[in-house]
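Report on the structure
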Amino acid sequence: MAENTGTGEGGIRVTLEEIAGAVGDFGTIFPIMLGVAIVCPDVNVSHFFLFLAAWYIIAGFYYRLPIPIEPMKAIGAIVIAEGLSGGEIVASGIIVGVLFLLLGLVGGMTWIGERIPKSVVRGVQAGLALLLLKTSLGYIVSDVLFAALAIGIIVAFFIASQRTRVPDISALMVLGIGLAAGIATQGMPPFRLIPIPGLVIPAPADFITGTWDLALPQIPLTLTNAILATSLLTYDLFPKKGVDPDRLSRTIGAMNLISTPLGGFPMCHGAGGLAAMYRFGARTGGANIIAGLFILIFAIAFAPPEVLTLIPFGVFGALLVFVAIELGKHSAKTESYLVTGAIAVLTLVIGLTIAFIIGMVLAYALQWREGRRQGNGTDSQS
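The present account deals with the structure reproduced in this document. (Residues numbered from 1 in each chain as written. Predicted model: local features only at pLDDT ≥ 70, side-chain atom pairs only at ≥ 80, totals over all residues. Heavy atoms only, no water.)

**Topic: the pattern of salt bridges**
In the structure shown here, the tally under the stated rule is 5 salt bridges. Taking the shortest distance from any N to any O, the salt bridge between R13 and E18 comes out at 3.5 Å. On the basis of relative accessibility, which here comes to 32%, the residue R13 falls in the partly exposed class. R373 is paired through a salt bridge with E370; the nearest N and O atoms lie 3.6 Å apart. Of this pair, R373 and E370 both sit in helix 17 (residues 352-381), separated by 3 residues, roughly a single helical turn. On the basis of relative accessible area, R373 is assigned to the partly exposed category, the value being 47%. (Salt bridge = Lys/Arg side-chain N within 4 Å of Asp/Glu carboxyl O. Buried < 20%, exposed > 50% of the residue type's maximum accessible area, 1.4 Å probe, protein only. Helix = DSSP H or I, 4+ residues; strand = E, 2+ residues; numbered from the N terminus.)

As structure tokens, this is what we get:
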């Protein structure tokens, strides 16, 4: 964690440091959104980028701190792995939007977060990592050359960013190389304006699938990482300007209720994204505004759907590998490898939602057994 300097934090500022911090979280944003667009032909990736850009800018003015906006990783990973429909994505966004808006309004975030064991959340992260690795291998095998090139670039930037203050723009670089290669072989796609977003009304069946397959696995991650952990980190980095968890919950609810019915992807905040932006120099909402303008350029560039076909699959495979590694790295910080490992394995076998439920039962059973053991020990001593 970066050391807090206590000066120059908050507000709106545009400097080289803010620009560097603005792209600090792009490495996890683009693989998820582009991966979903590849497997779901009935979504429009330019709308994904358009609403993401809008909320980055809104959050910059609203919080006046570098509060990241990210695609919901559980929903993204499951959609990429299982190829669900646009209607199901919209339904899941509406469901989580209603839930987190209500939780934020009634002040229920902390109470619920305390009742989901950390080992269960880590298990969800590990399960998502395995799903993404499984999916990425298919892309890599079909395009080994570009995958190897992309992995080499990502590793080089990762090492450089760890040892210096060079921002990790590997995701942008490999996407740029992929697009350049696609244009060289297939030609420039036609220029088109971003189509006006239209209202998407999910079918009743979409709400069933969106709840069971997408929303339920996403909820524990959003509660813990996107809200509680992000709030805690804001108080660590900006002691006088820390953000209350219920406030974060309200913005997550609002942006999903407004954006997903118009074709946006379900979005949240993220502690990892905040740490990445801060590490590379972001201290104010100016970084968010800059990030939003960068992403708006991608919304315009990806307005023609043919652009997606230009990028070699090996590039997507490499990017998804490193998103999976990032999730897997965090999952190792567990208090119970049994619970976390069981959820991870069961995710591949029977799906993330059932794995989450079984993990919750197992975690509470272990806590109950440990409580009884401690109680028996106390009784025998007395």
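**Overview of helix 8 (residues 144-163)**
Here helix 8 contains 20 residues, and its C-alpha end-to-end distance of 29 Å stays within 8% of the 28 Å for a straight helix at 1.5 Å per residue. Taken together, the buried positions of helix 8 are occupied by A147, A150, I153, I154, F157 and S161. Across the axial projection of helix 8, the buried residues extend over an arc of 135°, all falling on one side. Seen from the buried face of helix 8, the exposed residues on the opposite side, beyond 90 degrees, are V144, L145 and R163. As for helix 8, its buried residues are in contact with helix 7 (118-142), helix 9 (170-186), helix 12 (271-279) and helix 15 (313-331). (Expected span 1.5 Å × (residues − 1). Arc of directions from axis to C-beta. Contact = heavy atoms within 4.5 Å.)

**Looking at a nonpolar patch on the surface**
A contiguous nonpolar patch, built from L130, L133, W212, V345, L348, V349, I350, I354, I357, I358 and V361 and spanning about 910 Å² of accessible area, is present on the exposed surface. Of all elements in the fold, only helix 7, helix 16 (337-350) and helix 17 reach the threshold of two or more residues within the nonpolar patch. Using a relative accessible area of 32% as the deciding quantity, one classes L130 as partly exposed. (Patch = residues over 30% accessible without salt bridge, like charges linked within 9 Å, V, L, I, M, F, W, Y side chains within 5 Å. Areas by Shrake-Rupley, 256 points an atom, 1.4 Å probe, with all protein chains shown as cover.)

Spatial relationships are all this shows, so hold off on functional conclusions.
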